[in-house]
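Analysis of the macromolecular model
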Amino acid sequence: MALIVQKYGGTSMGSIDRIKNVAKRIKRWHDNGHQVVVVVSAMSGETNRLIDLARQISSDPDPREYDQMVSTGEQVSISLLAMAIKELGVGARSFTGRQVAIKTDSSHNKARIESIDDASIREQLDAGNVVIVAGFQGVDDQGNATTLGRGGSDTTGVAVAAALGADECQIYTDVDGVYTTDPRVTSKAKKLEKITFEEMLEMASLGSKILQIRSVEFAGKYGVPLRVLSSFDENTDGSFDQDFQDNVGTLITIDEGDSMEQAIISGIAFNRDEAKIVVRGVPDHPGIASAILTPIGRANIEIDMIVQNLSTGGTTDFTFTVNRTDLDKAIKVLNDEVKDDIGAKEILGNSEVVKVSLVGVGMRSHAGVASLMFQTLAENNINIQMISTSEIKISVLIQDQHLEKAVKSLHTAFGLDREDGDSRVAGQ
């Protein structure tokens, strides 16, 4: 018997029929002797509907009242799922974030979990019931409802699993695992049986939308085994073509195992939301980078890649990337607060760029990854505008029109097309 925490997102809970199918899946785990705790999101589209209602009242809703309202979506989901499970003859009890209680700080709309009182959950599990917990929400020290931000149900699932010491946290979504890259870009993408927390964290931060970054950080910190699975492998009548436990998905684990000796590259991530800013003709002297980036930081704009060119005639160009939605704001800050103060010649912005990244713990023990990446892009006539690296990733900024060609060619060059999934570097 294992203690399993399962998380189902809004798509999985998107209709009454889907909720009934989720209930059937949970029943099968319960019938096989496992203790099951389920964390659910609001039904697909419900959170957006609630947010739209708030925006119709106020362009800047009161944060406390906003959380009080938007957290109700999950309350509907947990009750419906509890009813569906009971209809199948299995005991079930639902809990809101306040009832558990999931204690958070008071940062409304983006609260962070501080502790979870697991007593009520364990009491229900000991009584043989399935426990359903509302994701995305908690309660602060003043008893106010709080929400964790978009994708917060993933974090709730991992946090509940950590508090209970669960054997596994299963994230059910509309994909059947983590792939070497987005299958919509190349049909040769392969599902990974296993990936490390470190690799998954890099892929999530570099553009992969499968898991919320905070949930991966939380799982890695507390050593919670994560598994990404599909909630859509059942037939229309709710039956399954295979044993429900054969749906193995992708395991995200802290154990690297033999991966450093086998798969050099685990995956290719990309981010379409990049924009490049060039501050041209910057005087080349100490403190210039701080003079440029400090006002950007004050404006709450996050910086990604940074490059400073070699000085020519006492001046240089300073280039960095921001989220595409922040481009206009960043350029205004630079023109209003920086350009004249530092004597820069001009500020240029470019939103027609994308970031493509190789990720893999195998980079630590294999040379030649960067050279093969750059060679492959050159052979496909793809110019590299910026480069950044870490111990387990290499990222390049390229023209957005070359995204698909870059991903496909790199996927092939590093052996990710291979049936055995053994990524390689030429000559090794």
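Under an unreviewed UniProt entry, the name given to the protein is Aspartokinase, and the organism recorded is Psychrobacter coccoides. As recorded by UniProt, the Catalytic activity (unreviewed entry) comment attached to the protein reads in full: "L-aspartate + ATP = 4-phospho-L-aspartate + ADP". You can read under Sequence similarities (unreviewed entry) in the UniProt record for the protein the words "Belongs to the aspartokinase family."

Here the focus is the pattern of salt bridges. Using the criterion set out here, one finds 16 salt bridges in the structure. A salt bridge links Glu-168 to Arg-227; its shortest N-O distance comes to 2.9 Å. With Glu-168 in strand E9 (residues 168-173) and Arg-227 in strand E11 (residues 226-230), the pair connects residues that are 59 residues apart, well separated along the chain. An identical accessibility class is assigned to Glu-168 and Arg-227; each is buried. Between Asp-336 and Lys-332 there is a salt bridge, and its shortest N-O distance comes to 2.7 Å. Taken together, the positions of Asp-336 and Lys-332, both in helix H11 (residues 327-342) and 4 residues apart, correspond to about one turn of that helix. Of the two residues, Asp-336 and Lys-332, both sit in the exposed class.

What follows covers the packing of helix H1 (residues 16-31) against helix H4 (residues 72-87). Between H1 and H4, the least distance of the axes is 9 Å, while the angle of their chain directions is 55°. In terms of their interaxial angle, H1 and H4 are classed as oblique. Handedness of the crossing formed by H1 with H4: right-handed. Contacts from Ile-16, Ile-19, Val-22, Ala-23 and Ile-26 in H1 reach Leu-80, Leu-81, Ala-84 and Ile-85 in H4.

In this model, Val-100 is joined to Ala-101 through a cis peptide bond whose omega is 0°. Looking at the element boundaries, Ala-101 is found in the loop between helix H5 (97-100) and strand E4 (102-104). We note that Asn-300 has phi near 60°; this positive angle belongs to a residue other than glycine. Position of Asn-300 among the secondary structure elements: in the loop between helix H10 (288-298) and strand E15 (303-308). Taking relative accessible area as the criterion, Asn-300 reaches 66% and is therefore assigned exposed.

Glancing now at the confidence of the model for the protein. Of the residues in the protein, 91% have a pLDDT of 70 or more, and the chain-wide mean is 88. The lowest-confidence element of the protein is helix H8 (residues 197-205), averaging 84 in pLDDT; the highest-confidence one is strand E6 (residues 130-134), averaging 98. Residue range residues 235-242 is modelled with pLDDT below 50. Its contacts to residues more than four positions away, or to other chains, number 15 contacts.

Quick look at helix H2 (residues 46-57) now. Each α-helix turn comprises 3.6 residues. Residues three or four places apart therefore point the same way. For H2, with 12 residues, the first-to-last C-alpha span of 17 Å sits near the 16 Å given by 1.5 Å per residue. Within the sequence span of H2, burial applies to Thr-47, Leu-50, Ile-51 and Ala-54. Looking down the long axis of H2, one finds its buried residues gathered within 100° of arc, a one-sided arrangement. Those residues of H2 hidden inside the fold are in contact with helix H3 (63-70) and H4.

Here 8 strands make up an open sheet; going across it, the order is E3-E6-E2-E1-E9-E11-E12-E10 and the pairing mixed. Sheet topology places strand E3 (92-95) and strand E10 (194-196) at the edges, where each strand pairs with a single neighbour. The sheet shows a mean angle of 20° between the axes of neighbouring strands, direction not considered. On top of the sheet, helix H6 (residues 119-126) reaches strand E1 (3-8), strand E2 (35-40), E3 and E6; it is set at about 135° to E2, its chief contact. Running at roughly 80° to E10, H8 makes contact with E10, E11 and strand E12 (250-253) of the sheet.

Buried residues dominate E1, accounting for 6 of its 6 residues. Residues of E1 alternate between two faces, with Leu-3, Val-5 and Lys-7 on one and Ile-4, Gln-6 and Tyr-8 on the opposite face, all of them buried. Bridge count for E1 against E2 is 6 bridges, and the pairing is parallel. Looking at the pairing, Leu-3 lines up with Gln-35 of E2.

Tracing the backbone through its elements, the reader meets Ala-162 in helix H7 (residues 152-164). Classification of Ala-162 as partly exposed rests on a relative accessible area of 26%. For the pair Ala-162 and Val-224, spaced 62 residues apart in the sequence, the C-alpha separation amounts to 6.1 Å. Residue contacts for Ala-162: discarding those within four places in its chain leaves Phe-218, Tyr-222 and Val-224.

Counting 40 residues, the largest nonpolar core has Val-5, Val-37, Ile-121 and Leu-226 as its most contacted members. With 5 residues, H7 is the largest single contributor of residues to this core. Ala-23, Ile-26, Ile-78 and Leu-229 belong to the second largest nonpolar core, which has 24 residues in total.

This structure, assessed with the given rule, holds 3 aromatic pairs. Relative to Tyr-172, the ring of Tyr-8 has its centre 4.7 Å away and its plane inclined at 10°; by these criteria the two rings are stacked. Highlighted residues: Tyr-8 in strand E1 and Tyr-172 in strand E9, separated in sequence by 164 residues. As far as burial versus exposure is concerned, Tyr-8 and Tyr-172 are alike and both buried. With a centroid separation of 4.9 Å and 35° between ring planes, the pair formed by Phe-218 and Tyr-222 is classed as tilted.

About the cut-offs
For every chain, the first residue of the written sequence is number 1, and numbering continues from 1 onward in sequence order. pLDDT decides what is reported in this predicted model: residues at 70 or higher carry local features, side-chain atom pairs at 80 or more are listed and counted, and totals for whole chains, interfaces and linings draw on all residues regardless. Only hydrogens and water are set aside; all other atoms, that is, all heavy atoms of the structure, feed into the side-chain values. UniProt positions are given in the numbering used here, feature names are shortened, and annotations may be inferred rather than shown by experiment. Here, a salt bridge means any Lys or Arg side-chain nitrogen found within 4 Å of an Asp or Glu carboxyl oxygen. Comment: elements are numbered from the N terminus, with helices defined as DSSP H or I runs of at least four residues and strands as E runs of at least two. Think of it in three bands: residues with accessible area under 20% of the maximum for their type are buried, residues over 50% are exposed, and the middle band is partly exposed, with areas taken using a 1.4 Å probe on protein chains only. In this description, a line fitted to the C-alpha atoms serves as the axis of each element, helices being fitted only across the stretch in contact, and the angle between N-to-C directions of two axes falls anywhere from 0 to 180 degrees. By definition in this entry, angles of less than 35 degrees are roughly parallel, angles greater than 145 are roughly antiparallel, angles of 65 to 115 are roughly perpendicular, and the rest are oblique. By the definition used in this description, the sense in which the near helix is turned from the far one sets the handedness, with an anticlockwise turn below a right angle giving left-handed and a clockwise turn giving right-handed. Contacts are residue-level and defined by heavy atoms, with any inter-residue pair within 4.5 Å sufficient. What pLDDT expresses is the predictor's confidence in each residue, scored from 0 to 100. What a helix is expected to span follows from its residue count: subtract one and scale by 1.5 Å. Of all possible arcs, the one meant is that of the directions from the helix axis to the C-beta atoms. The rule for pairing is simple: two strands pair if DSSP sees at least two bridges between them. Residues grouped as a nonpolar core are buried Ala, Val, Leu, Ile, Met, Phe, Trp, Tyr and Cys residues, joined through side-chain atoms within 4.5 Å. Any pair of Phe, Tyr and Trp rings, taking the six-membered ring for Trp, is counted once the centres come within 6.5 Å. Such a pair is stacked with planes under 30 degrees apart, edge-to-face with planes over 60 apart, and tilted for the rest.

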